[in-house]
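Here's the letter readout for the chains.
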Amino acid sequence: MKNSVKKVVLAYSGGLDTSVIITWLIENYGCEVVAFAADLGQGEELAPLKEKAIKTGASKIYIEDLQLEFVKDYVFPMLRANAVYEGSYLLGTSIARPLIAKKQIEIAGKEGADAVSHGATGKGNDQVRFELTYYALNPDIKIIAPWREWEFTSRQSLIDYAEKRGIPVTATKSKPFSTDRNLLHISYEGGILEDPWMESTEDMYTMAVPVEKAPDKPTYIEIEYENGNPTTIDGRKMSPAGVLSMANRLGGENGIGRVDLVENRYVGMKSRGVYETPGGTILHAAHRAIESITLDREVLHLRDSIIPRYAELVYYGYWFAPEREIMQGMIDDIQKNVSGKVRLKLYKGNCQVVGRKSSRSLYRPDIATFEDDKGLYNQKDAEGFIKLNALRLRIRAMMGKR
């Protein structure tokens, strides 16, 4: 393939891997490299990437602000599904990859490029997420995955290569963490984190304060929902990106959203990662709370039964797969009545739901009350209900006595 590739679009972050990849592609493929940097709200100034990419050999760089599209069309649909992978991971990195890959394919078409490239390793999930999206949107595209080809075997060797070539990088031998940040979260892997017994160091964290330094007084907030999407915080109507940003600030100030976990990667190995997802943690809790009073029991249970599968599809990289799209259609149809307001108490790492209300609420205090229900519910009806449901259990017990 090396002789056939003329122009490649690289998913570029300006970090260690992709900084090295620009030079490596030119040296090994003799091709033109167009860099693409996605602004997903990583909180960094991306303008300097232009000079850096050009200096290391890129012919051009696209820097696109995708924050609104990211939250509206990727994060919020996922939050409507309450997707959590293996009970802990709110999928912050996973959900960003299909959008980045989609934009790469669009730029490749615009530039007449015959290949795309990424900096994901051959051990991780991101290679799958990127490439499944590439193929789903352009089945004939050529893909260059340097980590599956080059001679480098570690980030240490990449740092050495960068130093020899004069490529400026922020990673060092003493702090070789691999990080990924966007509006939803930041992740940390590598370094001391590769030992699952070692506690992470406090200077590593970015978005959430340690619980010991969080305020001694709780913060109360109210989030309003319309059709399953958060639209206001404390009465302030904001864009999807604005809602998530404010939730991040409030959660971060109260030490909410830190997770240290060992997850099962798609390729088969276990991996230890540390994540900060302050806003996502709050919005997830609030969404479940408003659903609790607006969704029918069996509809809620049916939707909950597909959450593990939906989360798995996002984690594995099947965002543009028909099964995820079909699930999303059902989930979004369910969200028609998920509107109302949730009150939460944020305190030292905890996000506690303390109130919920909705004009579409199915909760009937006049029926659920322990006081006089005015005859709306006949408690004697429960006797036959229980006996009918216990029939198979009674028959089983009878068989045992025989």
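Above: the structure in question.
A few points on the structure. (Residues numbered from 1 in each chain as written. Predicted model: local features only at pLDDT ≥ 70, side-chain atom pairs only at ≥ 80, totals over all residues. Heavy atoms only, no water.)

1. Focus: the pattern of salt bridges
Right, on to step 1. Throughout the structure, instances matching the rule amount to 32 salt bridges.
Right, on to step 2. In this structure, Lys103 and Glu106 form a salt bridge, with 3.4 Å as the shortest nitrogen-oxygen distance. With a gap of three residues between them, Lys103 and Glu106 both fall in helix H4 (residues 97-111), about one helical turn apart.
Right, on to step 3. According to the relative accessible area criterion, Glu106 is partly exposed, its value standing at 38%.
Right, on to step 4. Between Glu226 and Lys237 there is a salt bridge whose closest N-O contact spans 3.8 Å. Separated by eleven residues along the polypeptide, Glu226 in strand E8 (residues 219-226) and Lys237 in strand E10 (residues 236-237) bring together distant segments of the chain.
Right, on to step 5. With relative accessibility at 39%, the residue Glu226 sits in the partly exposed group.
Right, on to step 6. On the accessibility criterion, Lys237 (61% relative accessible area) is exposed. (Salt bridge = Lys/Arg side-chain N within 4 Å of Asp/Glu carboxyl O. Helix = DSSP H or I, 4+ residues; strand = E, 2+ residues; numbered from the N terminus. Buried < 20%, exposed > 50% of the residue type's maximum accessible area, 1.4 Å probe, protein only.)

2. Looking at the side chain of Glu263
Right, on to step 1. Relative to the assigned elements, Glu263 resides in strand E11 (residues 258-264).
Right, on to step 2. Although Glu263 is buried, it makes no salt bridge; Arg129 carries the closest opposite charge, 5.3 Å away.
Right, on to step 3. Among the polar contacts made by the side chain of Glu263, one reaches the side chain of Tyr275 at a distance of 2.7 Å.
Right, on to step 4. In contact with Glu263, other than residues within four places in its own chain, are Tyr85, Glu86, Asn125, Met269, Lys270, Ser271, Tyr275 and Tyr315. (Lys, Arg positive; Asp, Glu negative; His and termini not counted. Polar contact = N/O pair within 3.5 Å; in protein donor to acceptor, adjacent residues only side chain to side chain. Contact = heavy atoms within 4.5 Å.)

3. Quick notes on the environment of Phe36
Right, on to step 1. By the element assignment, Phe36 lies in strand E2 (residues 32-39).
Right, on to step 2. A relative accessible area of 1% places Phe36 in the buried class.
Right, on to step 3. C-alpha separation for the pair Phe36 and Glu226, spaced 190 residues apart in sequence, amounts to 34 Å.

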